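What follows is each chain in one-letter form.
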Protein chains: 4
Amino acid sequence: MEKYISIKELEEAAASVLPKAARDYYKSGATDEHTLQENKRAFQRLRIRPKCLVGLTDCNLRTTVLGNEVSMPVGISPTAMQRMAHPDGEIANAKAAEKEGVIFTLSTLATSSIEEVAKAAPRAVKWFQLYIYNDREVTRNLVLRAERAGFKAIALTVDTPVFGLRRADVHNKFSLPQHLRLSNFEGFLSTKIHSSGEGSGLNTYVNNLFDKSLTWDEIKWLRSITNLPIIAKGILRGDDAVKAVNAGCSAILVSNHGARQLDGVPASIEALPEVVEAVKHYNVEVYMDGGVSTGTDVYKALTLGAKAVFVGRPALWGLALGGQAGVERMLKIFRTELEYTFNIAGTSSVADITKDMVVHESAYSKL
Amino acid sequence: MEKYISIKELEEAAASVLPKAARDYYKSGATDEHTLQENKRAFQRLRIRPKCLVGLTDCNLRTTVLGNEVSMPVGISPTAMQRMAHPDGEIANAKAAEKEGVIFTLSTLATSSIEEVAKAAPRAVKWFQLYIYNDREVTRNLVLRAERAGFKAIALTVDTPVFGLRRADVHNKFSLPQHLRLSNFEGFLSTKIHSSGEGSGLNTYVNNLFDKSLTWDEIKWLRSITNLPIIAKGILRGDDAVKAVNAGCSAILVSNHGARQLDGVPASIEALPEVVEAVKHYNVEVYMDGGVSTGTDVYKALTLGAKAVFVGRPALWGLALGGQAGVERMLKIFRTELEYTFNIAGTSSVADITKDMVVHESAYSKL
Amino acid sequence: MEKYISIKELEEAAASVLPKAARDYYKSGATDEHTLQENKRAFQRLRIRPKCLVGLTDCNLRTTVLGNEVSMPVGISPTAMQRMAHPDGEIANAKAAEKEGVIFTLSTLATSSIEEVAKAAPRAVKWFQLYIYNDREVTRNLVLRAERAGFKAIALTVDTPVFGLRRADVHNKFSLPQHLRLSNFEGFLSTKIHSSGEGSGLNTYVNNLFDKSLTWDEIKWLRSITNLPIIAKGILRGDDAVKAVNAGCSAILVSNHGARQLDGVPASIEALPEVVEAVKHYNVEVYMDGGVSTGTDVYKALTLGAKAVFVGRPALWGLALGGQAGVERMLKIFRTELEYTFNIAGTSSVADITKDMVVHESAYSKL
Amino acid sequence: MEKYISIKELEEAAASVLPKAARDYYKSGATDEHTLQENKRAFQRLRIRPKCLVGLTDCNLRTTVLGNEVSMPVGISPTAMQRMAHPDGEIANAKAAEKEGVIFTLSTLATSSIEEVAKAAPRAVKWFQLYIYNDREVTRNLVLRAERAGFKAIALTVDTPVFGLRRADVHNKFSLPQHLRLSNFEGFLSTKIHSSGEGSGLNTYVNNLFDKSLTWDEIKWLRSITNLPIIAKGILRGDDAVKAVNAGCSAILVSNHGARQLDGVPASIEALPEVVEAVKHYNVEVYMDGGVSTGTDVYKALTLGAKAVFVGRPALWGLALGGQAGVERMLKIFRTELEYTFNIAGTSSVADITKDMVVHESAYSKL
Ligand SMILES: Cc1cc2nc3c(=O)[nH]c(=O)nc-3n(C[C@H](O)[C@H](O)[C@H](O)COP(=O)(O)O)c2cc1C
Ligand SMILES: Cc1cc2nc3c(=O)[nH]c(=O)nc-3n(C[C@H](O)[C@H](O)[C@H](O)COP(=O)(O)O)c2cc1C
Ligand SMILES: Cc1cc2nc3c(=O)[nH]c(=O)nc-3n(C[C@H](O)[C@H](O)[C@H](O)COP(=O)(O)O)c2cc1C
Ligand SMILES: Cc1cc2nc3c(=O)[nH]c(=O)nc-3n(C[C@H](O)[C@H](O)[C@H](O)COP(=O)(O)O)c2cc1C
């Protein structure tokens, strides 16, 4: 794995080992994929303004996220069906996260169960990503199992009343390979995703089983059944962030779902400042994910107020290339790049980061 | 047709089935075609700001346009000589519109007559697009026939004192194929377009027969001969919109004629906000067409104040590929994409759409 | 020639008939040629805002330039050594201008003499472009001959203390072909440009013979030796325009010399508004040249306050392809495109053009 | 060498003669190399506004830098290990600088020693670039030797607590070729850079030996051991510039280290105005380096307040192609292009340059 020294290299190499349907499913964005590109390009419009001779001692990437200590402010976002990338799937991913001391988030639609993951990576800080099923018993069950298994938070995905339109999946009639299961479920909930018939099998599954009529009151219901902190994942507006907080969320994950839900929405990093501003007088944390692919991306997000950032696809590329070792490599690349960034920007710890460390490129058009 | 799941795919496939002269005629824009590109690119500079957990029930695309109910806020703009794309031409197009419950607009320069279309698609909401001929009897006749045939509105095209300079047509010495007629006319008015001699036959036809000296008083004359509402099609400025309304128009269709008239004008979607603002205190509807090719484009136009949007070329691509079925497919693609957009943006009905759902990308350059 | 219907087509075709050294000399811009590209691109950042139903009668392109009537507000800028493009060189160019009723400007460095041109195109409105030689007698002589030959104005080029660095000319060791002469001169002044030795022969010529220490007082001297109106050609700043006017110029030609002098200066069309603004209270005319290649470019310049625009290279491409007929074709293309623009923008005459007919694209970023 | 007439040509030719490891080391920027591109592109966003007829006499590029006269405001930035480009390395470079009358800066990490360079180019204005070693004796020694050898200033590089992450170097396991030495050192300090083991040998060297915990107090220590003026090299922020000045620096070299330290920082030319503004009331000089590759780049930097500009890679390209003669050629290209720029912009001497000679391109979006 050592030959890979950038996320871009991981991505390219993974593309050549993954079967077409899985590769397409993992990399696609919604419809024309403009936002998919903007998720990355928007970072390039930000400039880091390094400080010199600040008296650096060892630079420290450690931070806390919802009270849990992590070795760096980079965590793993939930992505569905990871066993398509590697036989060890979520297990490998979680073990890498444990090894590297970062947060691992397990998808509701995982091909490894809550309990399997908990057992494989007992010391990892684990979050459970929740989709709310029409059947609230099913939903409650997931939450209670996650709580029981030692997961530290529920990341409720709020941007998915339906799944986005990803054209490659429709053309591929995407479905979960026959030998895999949605392991958090029993019976048809675990296999229904196979029989796609037409279009994307995933979208059919979601349309039939998820509750798209959710309101912010759902958070209150969740609050009533669990003591775990709740993170609203998928917010792109300040007013929505405030609603989430008022409904009882402890944190906001600014995200456009890897540009997979709706093309034409802002890049996540574009939306971040508005959310940070909106909730600044509340006692909540703000994170972001979407398009993060270098240490400087992470740093830019931190300067704009993110407490941590998360990555989805990079973990899949690592997984595809080398299972646990591949994910570890991915995390090491981020760690290395982030250390370089801290050092050269003159930042010795996460707490040290201030807003004046970044400006938008347009600031330099004023002479 | 089901294999096509985007307008882009329809366009590419149609390009390979259409004869060169027709393809060129359909796709061309004026001179250097910068505006042709901008009509699409300008949409990409707008960002949708989705709202989460709004309590969606079934999302409803229905709306009314000039008092007529339609199944979605997407209609078909008039395009001339559709039998070059498919033997059934305007008939197929109108029947698809009827089937899908959207507005169909018949061009003055159609290869199917007002009466043929009315008979083929009796329940469709049909509009008649009017060019004013030097010979006012000819003109009045068209209007009265449209009214009599049950068309619901007259879309007076106001951007065409002469036809635009489309280079491919000049090179091709474009003319209507011998076996086709401008079916709304008899005698030489229906065939004159054949004998091109030099340059584009269409331009010669228009130069000889259309009245380019029109003023807004023409609207008053039109008002005096018909009870149908009049739509001013081809407006790009707020002041012109106000003149149109004062002259008696019931609606404004913001359009640069598919970038076919003058290169270098604003993209239609760029011009829309100015027009909406200018007529906001009048009781009129505003629509737009030009470059609309995805459901998110439609949605963006609605947030900026359009009551409906129209598409020209997409219908031609559908027509070329599959006649009525092809146009239906085209409309279904828009419907599907628009449903996704409504759902994920958190919009349950057209009435629900508010201005804050969209911003220009430049808004995100302020940190 | 009729097969060419755009300046772009003329340019491409000419490139394939011209010998390399001439082609390179004609098309080059200074050093990296960024401004060469911007001269064209800057037009694309402007949007025409057409008016509808304005009651057009025949649209009239005629205008006056320094009191002389011309058939359209497009004239021919001076370019050196035109016999490299065609045996008839400046003669053919001037005759085409005469035939088309537009201004022809003869370069000091012409391969046809003042008198030859005057004789060949007696009814053309001719201007003489002046470079000031160290030897003031030589200079005075040129001016007096032009005046005597019926030229209507002196266009003093003020942007050329030295000639720009055009890399292709240096590599080609550019020099005038042996069989040609700088026909406005006798003896070594007419042939010195042959012996390049090293680098561009033109630059050596200019460095040795032109006076680079000119000040605005030179205009006063010119004023004292001729009654012809003086045009300052090559201005890019408002303050310089005011100086030119105060020194006695009757007009300003905003120009960056076809991007041949200094890379990194503004596109001519970018600089135009500043100059127009600066001299608006003086009784002078403002023109522009640089990158004009379509009728909409011309129109945009007029809306920003130019009384006329000029073209350099387009005449060379026409000349190379067909001598006089080629230049006529070039002018006809502009006339046709400009007529289209007037008609569709709703402008019936040059006097009709107002500033609100154009905006910068950035105006459309405010929603 | 005369066949090369632009820095771009030098760069392309050098790329084909250099061995891969050296070429990669010389041309790389940090990680994704966006800033590497922006260092050049940012110049293109600036427009020079030339003045006409200013009464030029011979244009004079001479200026002083920290009290030393130089023949033009272009100097040579320190780059490490120049013998990889040519056997004569720093010696050739310094002799070229001497010949051309410009400043030469010797890197701490040179493959020729302070004394060798002083002896080879006694009349050159030489600066010594300093990295501060953990071992302060080593550091003091370097400074004292430079002072003794007649160097005129110490350029303390302040942007390098660690070396940037340049991917090609990591892949190449970059190390100094066996036959070369870091000549300013004895023993292992001079050869340790050979044994890279893993990743870039340079980064390992730096991490082990440089002191990354420096503060601005270090400047005071330096002030206490030498009378040479101190230049802070690598500043990108106004506040840091003020700190440098307050700590005793005589000049600021605005630099992002050739985009080699941290990707995503501003282009050097973007950062320049902020620094100039910040220290304008102090009696210090400001320079810049990074991406300077034409005479107009130099000119633009001067208009924004730089007293001189420096070039790193261009000297390496010249060196690779022709040793001393190659560097001389590189300097001659800059001189020629700068003379053209002065002449055509209407600037007769460095002192003549004013801020109004340049604007950002965005200034031209206001009509
Ligand atoms: C293949 C794939 C599957 C995903 N599955 C889920 C999921 O099950 N639940 C969820 O909340 N987000 C899911 N996401 C979104 C990710 O959690 C995350 O928001 C996104 O991947 C971040 O963007 P990035 O991939 O550019 O890092 C998925 C993303 C991808 C790429
Ligand atoms: C081939 C073609 C023919 C057209 N014919 C007419 C016409 O006869 N009357 C009219 O008002 N508009 C006509 N238009 C313009 C359309 O009504 C509409 O404004 C335009 O096509 C919208 O842009 P779009 O093609 O990008 O959707 C035509 C457009 C095309 C592409
Ligand atoms: C080949 C060539 C030769 C030129 N020679 C002269 C000249 O002798 N005198 C002068 O004032 N301008 C000269 N110019 C500049 C033109 O007058 C004019 O400013 C420029 O060509 C306009 O830009 P365009 O070529 O994009 O239309 C020359 C330009 C070219 C391309
Ligand atoms: C190959 C290379 C080696 C360098 N070595 C040093 C160095 O030893 N010390 C230093 O302060 N800067 C060093 N620099 C940075 C240069 O001094 C200078 O800031 C940079 O090269 C300017 O950018 P340019 O190459 O685009 O002109 C180096 C740059 C390069 C390209």
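The rules behind each value
Residues numbered from 1 in each chain as written. Chains lettered and ligands numbered in written order. Predicted model: local features only at pLDDT ≥ 70, side-chain atom pairs only at ≥ 80, totals over all residues. Heavy atoms only, no water. Phe/Tyr/Trp six-rings, centres within 6.5 Å; stacked < 30°, edge-to-face > 60°. Helix = DSSP H or I, 4+ residues; strand = E, 2+ residues; numbered from the N terminus. Buried < 20%, exposed > 50% of the residue type's maximum accessible area, 1.4 Å probe, protein only. Lys NZ or Arg CZ within 6 Å of the ring centre and 35° of its normal. Contact = heavy atoms within 4.5 Å. Polar contact = N/O pair within 3.5 Å; in protein donor to acceptor, adjacent residues only side chain to side chain. Buried area = accessible area lost by both parts, 1.4 Å probe. Salt bridge = Lys/Arg side-chain N within 4 Å of Asp/Glu carboxyl O. Expected span 1.5 Å × (residues − 1). Arc of directions from axis to C-beta. Nonpolar A, V, L, I, M, F, W, Y, C, P; charged D, E, K, R; others polar. Least-squares fit on C-alpha atoms with pLDDT ≥ 70 in both.

Here we look at the packing of aromatic side chains
The final tally for this structure, using the stated rule, is 56 aromatic pairs over all chains. On the numbers, 5.7 Å between centres and 85° between planes, the contact of Tyr 299 of chain C with Phe 342 of chain C is edge-to-face. Note that Tyr 299 of chain C is positioned in helix α13 (residues 295–303) and Phe 342 of chain C in helix α14 (residues 313–345), a separation of 43 residues in sequence. Given a relative accessible area of 0%, Phe 342 of chain C falls into the buried group. Site record: aromatic cluster; members linked through ring pairs are Tyr 131, Tyr 133, Phe 163, Phe 185, Tyr 205 and Phe 210 of chain A. Taking the ring centre of Phe 151 of chain B as reference, the NZ or CZ of Lys 126 of chain B above it sits at 5.8 Å. Looking at Arg 260 of chain C, its charged tip hangs above the ring of Tyr 25 of chain C, at a distance of 4.9 Å from the centre.

So, the environment of Arg 145 of chain B
Residue and element names in this part refer to chain B. With respect to the helices and strands, Arg 145 occurs in helix α6 (residues 136–148). Separated by 138 residues in the primary sequence, Arg 145 and Ile 7 have C-alpha atoms spaced 34 Å apart. When neighbours within four sequence positions are excluded, Arg 145 is seen to be in contact with Ser 113, Ile 114, Glu 115, Ser 183 and Asn 184. Among the polar contacts made by the side chain of Arg 145, one reaches the side chain of Glu 115 at a distance of 2.9 Å.

Structural notes on the side chain of Asn 39 of chain C
All names here are of chain C. With respect to the secondary-structure elements, Asn 39 resides in helix α3 (residues 34–44). A relative accessible area of 1% means that Asn 39 is categorised as buried. A polar contact of 2.9 Å, which involves the side chain of Asn 39, links it to the side chain of Asn 256. A distance of 3.2 Å separates a polar atom in the side chain of Asn 39 from the backbone nitrogen of Ser 268.

Side note on the interface of chain A and chain D
On the side of chain D, 43 residues touch chain A, which itself brings 34 residues to the contact. Here chain A and chain D share an interface that buries about 3300 Å² over both sides, 61% of which is from carbon and sulfur atoms. One can count six salt bridges joining chain A with chain D. Put simply, Glu 270 of chain D and Arg 47 of chain A hold a salt bridge, and the shortest N to O gap is 2.9 Å. Counting residues per element, the ones that place at least two in the side of chain A that touches chain D are α1 (7–17), β1 (46–48), α13 (295–303) and α14 (313–345) of chain A.

Digging into helix α6 (residues 136–148) of chain A
Residue and element names in this part refer to chain A. Look at α6: 18 Å from first C-alpha to last across 13 residues, which is about the 18 Å you get at 1.5 Å a residue. If you check which residues of α6 are buried, you get Val 138, Thr 139, Leu 142, Val 143, Arg 145 and Ala 146. Seen along its axis, α6 keeps its buried residues to an arc of 165°; they face one direction. Here α6 starts with a cap whose side-chain oxygen sits 2.9 Å from the backbone nitrogen of Glu 137, and that cap is Asp 135. Once α6 ends, the next one or two residues include Gly 150, with phi positive near 90°.

What to know about the interface of chain C and chain D
Contact residues are listed per partner, giving 43 residues for chain C and 34 residues for chain D. Surface buried jointly by chain C and chain D totals about 3300 Å² across both partners, of which 61% is contributed by carbon and sulfur atoms. It is Lys 212, Arg 237 and Leu 262 of chain C that lose the most area in chain C upon contact with chain D, and together they represent 19% of the buried surface on that side. Residues Glu 38 of chain C and Arg 47 of chain D are paired through a salt bridge, measuring 3.7 Å at the closest nitrogen-oxygen approach. Across the contact surface, chain C and chain D share 14 residue pairs in polar contact (both at pLDDT 80 or more). Going through the elements one at a time, α3, α7 (167–171), α11 (238–246), α12 (268–278) and β12 (358–360) of chain C are the ones with two or more residues in the side of chain C that touches chain D. Broken down by element, the residue count for the side of chain C that touches chain D peaks at four residues, all from α12 of chain C. When its residues are assigned to classes, the side of chain C that touches chain D shows 19 nonpolar, twelve polar and twelve charged.

Quick look at the relation of the copies chain A and chain D
Of the transformation placing chain A onto chain D, the axial shift is 0.1 Å and the rotation is 90°, giving an RMSD of 0.0 Å. Classification of the inter-copy transformation places it as that of a four-fold axis. Of the C-alpha atoms belonging to chain A, the one lying closest to the rotation axis is found on Ser 362 of chain A, 6.9 Å away. Of the interface residues in chain A, just 3% have counterparts in chain D that sit at the interface too, so the contact is made through distinct surfaces.

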